[in-house]
Amino acid sequence: MTAQLTSGTAACPGCIAAPVEPARPVPEDVQIALSLPGIHCSACIATVERELSAHPGVDDARVNLTLKRAMVKAKPDLQAADLIPVLERVGFEAHELDPSALSATQANKAGRDLLMRLAVAGFASMNVMLLSVSVWSGATDATRDMFHWISAAIALPAIAFSAQPFFANAWSALRVGRLNMDVPIVLAILLALTTSLWETALSGEHAYFDAALTLTFFLLAGRYLDYRTRAAARSAAEELTALEVPRAIRQVDGVEEEVAVATLNVGDLILVRPGGRMPVDGEIVSGRSELDRSLLTGETLPVFAEAGLTVSAGEVNLTGPLTIRATAVGEDTSLHRMADLVAIAESGRSRYTSLADKAAKLYAPGVHILSALSFLGWYIYSGDIRTALNIAAAVLIITCPCALGLAVPAVTTAASGRLFRKGMLIKHATALERLAEVDTVVFDKTGTLTSGAPELTNLADHAAADLKMALALAQVSSHPLSVALTKAVRLAGVTPTSLQDVVEVPGYGTQGTCDGKQVRLGRAEWTGGRAGDQTAAWLSIEGRAPVAFLFSDSLRPGAAESVQAFRDAGKEAILISGDTQGAVRALAQKLGIENWVAQALPQDKAARVQDLRDQGRHVLMVGDGLNDTAALAAAHVSISPASALDAARVASDIVLLGNDLSPIADACDTAVKATRRIRENFRIATVYNIVAVPLAVVGLATPLIAALAMSTSSITVSLNALRLR
Amino acid sequence: MNVLAYLIPISLLLGGVGLGAFIYTVRTNQYDDPEGDARRILSDEWDDKPKQ
């Protein structure tokens, strides 16, 4: 956006006159794009722009509220990771986007092209309508003929330009011997123009130039709305690939360099810092740490990692830095191979026919037959080809699907706009229709119902001295369990004991000495504890039995509410997770979900969803991990949070931008309403046709009646859609 | 009816001006953020002079 703005302003004379900076080899400013799912008002815009601009190194920051994004122009050494905390401090959730992936959306030539055609059709139809009104209100003879000729002079070039998308679509359908919605449209436009020209040449009374133009205008409006929703969907997909910013640190001869993941090769040494995600499949060469595999398998328990262990792309390194040697990169990684499962499952979904397709299938042949019949009937009855052609044109114009063309796009635009304001992106065109049919909701656990961040559960079981000791050890580490422990214990008002020689041992935990005794906080094997199936950190003090600090995953905000809302709406909620029995049971009980499955493999998840489908249920799958992808694709409709892995987001129809889960239940509600509006719109359009078509067939339709029928039906349909907002 | 000789060209011209203005707004990306622009008019910042 900003890049285009600059090129746009450069054309303004004032800027050309301004002294141009002599070209010098300054490092160019970088573009940073941030997704801000939480912004919604002018105060948000002002705060975000002020905070960003105040940050050193930022040259310019501009918020786009429609796309809920901020574009930042900054000095090259500034990273998005520096800006995110700035925004989080003032209360805005922010995610980094890859600006190179976003540029495609900004250069949306197709959208601009459509808008331009829409504008030409709109302005031309206004002018022609002005002339037509004078004809309808009584202009006769030479005046009428002149008005008709001027109308023709405006309408012909305007239609030649603005109706091109319809011509192209109709031609491509006819060439392969099919009929689509555009064939009757093109036929109506061309027939209307031909008969009107003929009539005008013969000083006839009726000309349909205005009808042909308004028809084009309303249909283009529908197309444009449709394009806008689809552009939002496409930009969603881009935004999603953009969420995972593909950079990695490569070590070449001991020197570290930051490179794009796409440029990594097999055999490269890659450094993965604590908190970083494995960019490729590989083998650990050096370092010791713990790995979080929850996105891939759903397990919440971190896995111990040291040299020799095989790692897969997507796993998160928790404590110590790891150097890995790449064994598979890019498309060959296990992450990408999993995505193939999706392709198989996806083919099942394309069978769904949307309401619009169903309507078009009935509509196109019907209109042609009706028009042909009235032509034949009038030709046989009157023997005059001119009258017969005029009536056939009137039938085509009046039945033309203005309202039908607007019925679906107007509703989906209103509905997706409403959901976008709540933080949901609709990626698939028919997602709303499918969402409206849902009767069973399948949830994944880790990362979906839970936030993936641990929470201390047995604070009260520990003696105050132990808590002080644990806090002293935990506060020096950035391991997620230590962070959670520190937070919980601090909140309880505990102050740390002073310890000597505190060190973090990557992969194991933290240790120190207190009064000459060694104390350790960390993994069970290291501290002498007993590993159970619940996430735990053990505190051992020399000469005493170790004690366990137990953790469970904290609930995502809105999880309980949305499960409750689904139950209230009479939909069944099911929990399927790859995690251990104990953890899944605890969560199911907490949320009141009766039907749950633990330790499910990715295939099991997909098979379960398929089973439900075979029982005739319409399944909504909500999941985020790689292990959910196949299930997401197999489900009738699917939702994933923005924190999900690429593959999962690609497989799902709707993406949740914020952290809160509660919009999901709301989305179902909106979808049901939207589908109802679409059906209503079809009914409204049909009623207009039922009234107007007989008039056209018996030859009573004048251009005035055609214009009235067309405009009122299109406007009623759009207004009906707006009720959804 | 002579008045038509003036009025028709004038109406066509005005229509053309409107179209030209619209094309200008499309080309300068003025429809990129309609919601944000609607809200920005409420902000007091840059009230005295435009942002450079």
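Residues numbered from 1 in each chain as written. Chains lettered and ligands numbered in written order. Predicted model: local features only at pLDDT ≥ 70, side-chain atom pairs only at ≥ 80, totals over all residues.

By the burial criterion, the buried members of helix α18 (residues 464-474) of chain A are L467, M469, A470, L471, A472, L473 and A474 of chain A. Looking at the packing, one finds that the buried side of α18 of chain A touches α19 (480-491), β17 (500-505), β18 (509-514), β19 (517-522), β20 (536-541) and β21 (547-555) of chain A. (Buried ≥ 20, exposed ≤ 12 C-beta atoms within 10 Å, placed from the backbone. Helix = DSSP H or I, 4+ residues; strand = E, 2+ residues; numbered from the N terminus. Contact = placed C-beta atoms within 7 Å.)

Glancing now at the confidence of the model for chain A. With 87% of its residues at a pLDDT of 70 or more, chain A shows a mean pLDDT of 80. In the model, residues 1-25 of chain A has pLDDT below 50 throughout and makes 15 contacts with residues more than four positions away in sequence or in other chains. (pLDDT = per-residue confidence, 0-100.)

Residue and element names in this part refer to chain A. Ranked by size, the top nonpolar core spans 143 residues in total, and within it A212, L215, I397, I398 and A407 carry the most contacts. Sort the elements by how many residues they give to this core and helix α26 (residues 663-697) lands first, with 14 residues. Each residue touching A407, except ones within four places of it in the same chain, is listed here: I678, N681, F682, A685 and V717. Within the second largest apolar cluster, 24 residues are counted, among which are V519, V547, F549 and F551. (Core = buried A, V, L, I, M, F, W, Y, C linked by C-beta atoms within 7 Å.)

A word on the packing of helix α3 (residues 42-54) of chain A against helix α4 (residues 80-89) of chain A. Residue and element names in this part refer to chain A. Packing of α3 against α4 brings their axes to within 10 Å, and their N-to-C directions diverge by 135°. By the angle between their directions, the pair α3 and α4 is classed as oblique. Helix-helix and strand crossings are classified by hand; for α3 and α4 the assignment is right-handed. Contact with α3, carried on its side by V48, E51 and L52, involves L83, V86 and L87 of α4 and no other residues of that element. (Axes fitted to C-alpha atoms, helices over the stretch in contact; angles between N-to-C directions. Parallel < 35°, antiparallel > 145°, perpendicular 65-115°, else oblique. Left-handed = near helix turned anticlockwise from the far one by under 90°.)

Let us now look at the interface of chain B and chain A. The partner chain A presents 23 residues to the 22 residues of chain B that form the contact. Of all the elements in the fold, those that place two or more residues in the side of chain B that touches chain A are α1 (3-27) and α2 (34-40) of chain B. Looking at which element gives the most residues to the side of chain B that touches chain A, the answer is α1 of chain B, with 9 residues. Of the residues in the side of chain B that touches chain A, the class split is 9 nonpolar, 7 polar and 6 charged. (Nonpolar A, V, L, I, M, F, W, Y, C, P; charged D, E, K, R; others polar.)

Residue and element names in this part refer to chain A. Spatial strand order, β6-β5-β7-β13-β8-β11: 6 strands in an open sheet with antiparallel pairing. Only two strands of the sheet have a single partner each, and these edge strands are β6 (255-260) and β11 (310-311). Sheet topology places strand β8 (residues 281-286) next to strand β13 (residues 322-328); 5 bridges connect them, and they run antiparallel. Each residue of the ladder has a partner; that of I284, found in β13, is I324. (Pairing = 2+ DSSP bridges.)

One can read the domain layout of chain A as domain 1 (27-97), domain 2 (247-332), domain 3 (416-451 + 556-672) and domain 4 (453-554). Inter-centroid distance (C-alpha atoms) of domain 1 of chain A to domain 2 of chain A is 29 Å. (Domains from an automatic or database assignment.)

Another point: the pairing of strand β1 (residues 30-35) of chain A. Residue and element names in this part refer to chain A. Of the pairings in the sheet, the one linking β1 to strand β3 (residues 69-74) comprises 6 bridges and is antiparallel in character. Paired with S35 across the two strands is R69, which belongs to β3. As defined by bridge partners, β1 adjoins strand β4 (residues 95-97) across 3 bridges and the pair is classed as antiparallel. Counterpart to S35 in the pairing with β4 is H95.

Looking at chain B, the pLDDT average stands at 83 and 96% of residues meet or exceed 70. Across the interface, the model reports ipTM at 0.84; the global pTM reads 0.71.

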